[in-house]
Amino acid sequence: MLPDIWRNRGSLMAPTMNDFVERFFYGWPSMAGDTDLAWSPRTDINETDTEIVLDVEVPGIQKDEIKVEVQNNTLTISGERKQEKKLEKGETYRIERHYGKFERTFELPETVLPDKIDAAYHDGVLTVTLPKTEKAIPKEIAVK
């Protein structure tokens, strides 16, 4: 079960207060204690006339370990970063990299074509392209 901070999300283009709280506490374990979600990848959202593009930072994760789903007008990106090595001798003084499961959800605007969404992975960045509907693309009207 997801804590409220991840479940009650704003829309893709209009963040809620929970989004700002999550950003402030990025990477901290959930206060709810009822989940093993421990981190949330940073995401850039850019918009052009024809599409919305999400760039999600997921370094150290193989592309086959990332899941992208669309259901009920919601885009969900999930996966897990596994800790690769543990010291057999000596002590660990600090671990700043985040490991464990993650899940990001975004409410899709009505202007997106869900069946045309594309995802590509390169150098630790997942790029999700959300094409817009024809009626959402601005059209220039010639003046006569």
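Residues numbered from 1 in each chain as written. Predicted model: local features only at pLDDT ≥ 70, side-chain atom pairs only at ≥ 80, totals over all residues. Heavy atoms only, no water.

All right, on to the overall build of the protein chain then. Counting its regular elements, the protein chain contains 2 helices and 7 strands. The linear arrangement of helices and strands in the protein chain, starting from the amino end, is α-α-β-β-β-β-β-β-β. A burial count over the protein chain gives 31% of its 144 residues as buried. Long-range pairs, those at least 24 residues apart, make up 54% of the contacts in the protein chain between residues at least 6 apart in sequence. Carbon and sulfur atoms form 49% of the exposed surface of the protein chain, whose accessible area is close to 10,400 Å². (Helix = DSSP H or I, 4+ residues; strand = E, 2+ residues; numbered from the N terminus. Buried < 20%, exposed > 50% of the residue type's maximum accessible area, 1.4 Å probe, protein only. Contact = heavy atoms within 4.5 Å. Areas by Shrake-Rupley, 256 points an atom, 1.4 Å probe, with all protein chains shown as cover.)

This next bit is on the confidence of the model for the protein chain. Residue-level pLDDT values for the protein chain average 79, and 73% of them are 70 or greater. This model gives residues 1-8 a pLDDT under 50, and the stretch forms 22 contacts once residues within four places in sequence are excluded. A low-confidence stretch, residues 27-37 stays under pLDDT 50, and its non-local contacts, those more than four residues away or across chains, total 20 contacts. (pLDDT = per-residue confidence, 0-100.)

Moving on to the side chain of Ser 40. Structurally, Ser 40 can be placed in the loop between α2 (17-24) and β1 (43-47). Judged by its relative accessible area of 3%, Ser 40 falls in the buried class. Within the structure, the side chain of Ser 40 is placed 3.5 Å from the side chain of Arg 104, a separation counted as a polar contact. (Polar contact = N/O pair within 3.5 Å; in protein donor to acceptor, adjacent residues only side chain to side chain.)

Another aspect to go through is the nonpolar core. Of all hydrophobic cores here, the largest spans 17 residues; its most connected members are Leu 54, Val 58, Leu 75, Ile 77, Leu 126, Val 128 and Leu 130. Elements supplying a minimum of two residues to this core: β2 (51-57), β4 (74-81), β5 (100-107) and β7 (125-131). (Core = buried A, V, L, I, M, F, W, Y, C linked by side-chain atoms within 4.5 Å.)

Here we take up the side chain of Ser 78. Relative to the elements of secondary structure, Ser 78 occurs in strand β4. Those residues within four positions of Ser 78 in sequence are excluded, and the remaining contacts are Glu 65, Ile 66, Lys 67, Phe 102 and Glu 103.

Okay, the packing of aromatic side chains next. Within the structure shown, the criterion is met by 1 aromatic pair. Here the basic side chain of Arg 81 rests over the ring of Trp 39, its NZ or CZ set 4.2 Å away from the ring centre. (Phe/Tyr/Trp six-rings, centres within 6.5 Å; stacked < 30°, edge-to-face > 60°. Lys NZ or Arg CZ within 6 Å of the ring centre and 35° of its normal.)

The 4 strands are arranged β1-β2-β7-β6 in an open sheet whose pairing can be described as antiparallel. Whereas interior strands pair on both sides, the edge strands pair on one side only; in this sheet they are β1 and β6 (118-122). Neighbouring strand axes in the sheet, compared pairwise and without regard to direction, differ in orientation by 15 degrees on average. Both β2 and β7 contribute to a ladder of 7 bridges, which runs antiparallel. (Pairing = 2+ DSSP bridges. Axes fitted to C-alpha atoms, helices over the stretch in contact; angles between N-to-C directions.)

Now for the environment of Ala 119. Note on placement: Ala 119 falls in strand β6. Residue Ala 119 is classed as partly exposed on the basis of its relative accessible area, which comes to 39%. Through-space distance from the C-alpha of Ala 119 to that of Leu 54 is 9.3 Å; in sequence the pair is 65 residues apart. Contacts of Ala 119, omitting those with residues within four sequence positions, involve Val 68, Leu 126, Thr 127 and Val 128.

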